[in-house]
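# Descriptive structure summary
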Amino acid sequence: MGFLKRLGRANDGVAAQDRERVGEAIERVMALHPQLRLARQYRKRLAPAVGTSLAYLRELVDAVPAPREASAAAWAVDPYLHAYFAAPDDVASTLSRAAELRAFFDNNNDLPEACAVLGMEMTERHILGVRQEGDTMRRDVPQTTVSFSDHQVRMCGRDDAELRNGIVARLLDQLALEGLARTAADKSRRSALEKERALLKTRLQLLERQGRGIRGLIGGDVAQELAELERLAAQVEENAQNLAGLGLREEALDRELEYVRAVFAHPERHLTVSTLRLRLNRMNVVLEGEDAQEGEELAFRIASVPTMPPRIRAFSLIRFARAGMLPQRNMFDEAEQQLASGLWS
């Protein structure tokens, strides 16, 4: 029986391990917004939805391939590493600049290697290249290339299992933040409605006073003023109904908890991982048609988070050896050489 079915059993018949995982996830949510602990029965209300998200996220993460060795030697034989980095030496120099990875090794002196998430910007370009057709070299051939840049390592683990558990925890945090962002929008709407209501009431009072006082002295367009009064009265009523729809202030925490619960109940609306399959040659040129018989088909994992603006990044799990980490002094020298070459180029 699956995790979700066990979670939904009567009498809270959830396996102890599952119950513990849900409880830990709820505590992560409470750490982000401690006031939600004051909401009525917050654990009971959140548990099923958080269980749904845990199952969904675990399935996403488990589907990601095992960590790939990241080294100059692997670059020569692993088509993925060859696609991610332009040259074999770029592997160590790029990963050695990752502060999180360096700090992880510093804090775990016993580890010969670390598992990590490598995030990258994936760029598609349309160019005019060359292609060999029999004995003829054709030029100005339309081609599509892909490249990877902005390599970042933000999460590390002692092994594959620890890394995947950490990824699930981070994704749970993302869902919690999405729910809390919706509560913030609720508060902003309440504030706007209250200001609007105050302005409308003031305007209504001014018009009523005008009708009772100045109009009786100097006259005016009675029909137009009455129509304005009716219009403003209708706006005030509509505004009051909108405020009532937001609930009383005493109910704010329950409403905020419901926003968070709704996000966790439908995690697929907020976090997705897709697979982009491309056949590439060693120059990262996309091969199609007759050319597709050459090269290798690669499946790139793409993570999409509906933030503003939306974030879409390619990622891969990697294994990087401590021995491959370049000394910091070498990193500074390399940076100075690149700066100097840039100044004189």
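Residues numbered from 1 in each chain as written. Predicted model: local features only at pLDDT ≥ 70, side-chain atom pairs only at ≥ 80, totals over all residues. Heavy atoms only, no water.

On to the environment of His 33. Inspection of the secondary structure puts His 33 in the loop between helix 2 (16–32) and helix 3 (42–62). Between the C-alpha atom of His 33 and that of Leu 177, which follows or precedes it by 144 residues, the distance is 9.3 Å. If sequence neighbours within four positions are ignored, His 33 has contacts with Leu 180 and Glu 256. (Helix = DSSP H or I, 4+ residues; strand = E, 2+ residues; numbered from the N terminus. Contact = heavy atoms within 4.5 Å.)

Our focus in this paragraph is the packing of aromatic side chains. All chains considered together, the criterion is met by five aromatic pairs. Their ring planes at 50° and their centres at 5.3 Å tell us that Phe 148 and Phe 300 sit as a pair that is tilted. Of this pair, Phe 148 sits in strand 3 (residues 136–157) while Phe 300 sits in strand 5 (residues 296–305), and the two are 152 residues apart along the sequence. With relative accessibility at 9%, the residue Phe 148 sits in the buried group. One aromatic cluster in this structure is built from Tyr 80, Tyr 84, Phe 148 and Phe 300. (Phe/Tyr/Trp six-rings, centres within 6.5 Å; stacked < 30°, edge-to-face > 60°. Buried < 20%, exposed > 50% of the residue type's maximum accessible area, 1.4 Å probe, protein only.)

Our next topic: the side chain of Ser 53. Turning to its location among the elements, Ser 53 is positioned in helix 3. Owing to a relative accessible area of 0%, Ser 53 belongs among the buried residues under this scheme.

So, on to the state of the cysteines. Defined simply, a disulfide is a covalent bond joining two cysteines at their sulfur atoms. Counted according to the given criterion, the structure contains zero disulfides. Lacking any disulfide linkage, Cys 156 is separated from the closest cysteine sulfur, that of Cys 115, by 9.3 Å. (Disulfide = S-S within 2.5 Å.)

Secondary-structure assignment places Val 285 in the loop between strand 4 (272–280) and strand 5. Taking the relative accessible area as the measure of exposure, Val 285 reaches 9% and is therefore buried. When the C-alpha atoms of Val 285 and His 126 are compared, they prove to be 9.8 Å apart, with 159 residues separating the residues in sequence. Other than its neighbours up to four places away in sequence, Val 285 contacts Gln 143, Thr 144, Thr 145, Arg 279 and Leu 280.

Time to look at the pattern of salt bridges. Evaluation of the coordinates by the stated rule reveals 15 salt bridges. Here Glu 100 ties to Arg 154 by a salt bridge, and the two come within 3.9 Å at their closest N and O atoms. Here the residue Glu 100 occupies a position in helix 7 (residues 99–107), and Arg 154 occupies one in strand 3, the gap between them amounting to 54 residues. Of the charged contacts in the structure, one is a salt bridge between Arg 164 and Asp 160, with a shortest N-O distance of 2.7 Å. One end of the pair, Arg 164, and the other, Asp 160, are both in helix 8 (residues 160–212), four residues apart, so they sit about a helical turn from each other. Members of the salt-bridge network, linked through shared partners, are Glu 27, Arg 37 and Arg 43. (Salt bridge = Lys/Arg side-chain N within 4 Å of Asp/Glu carboxyl O.)

This paragraph deals with unusual backbone geometry. Despite not being glycine, Gln 41 has its phi angle at roughly 45°, a positive value. With respect to the helices and strands, the residue Gln 41 is situated in the loop between helix 2 and helix 3. Accessibility expressed as a relative area gives 52% for Gln 41, which makes it exposed. A positive phi angle, close to 60°, is found at Asn 284, a residue other than glycine. Assignment of secondary structure puts Asn 284 in the loop between strand 4 and strand 5.

Another point: the environment of Arg 319. Tracing the backbone through its elements, the reader meets Arg 319 in strand 6 (residues 311–321). As for Arg 319 and Ala 116, which are separated by 203 residues in sequence, their C-alpha atoms are 6.4 Å apart. Arg 319 has contacts with Pro 67, Arg 68, Glu 69, Ala 70, Glu 113, Ala 114 and Cys 115, leaving out every residue within four places of it along the chain.

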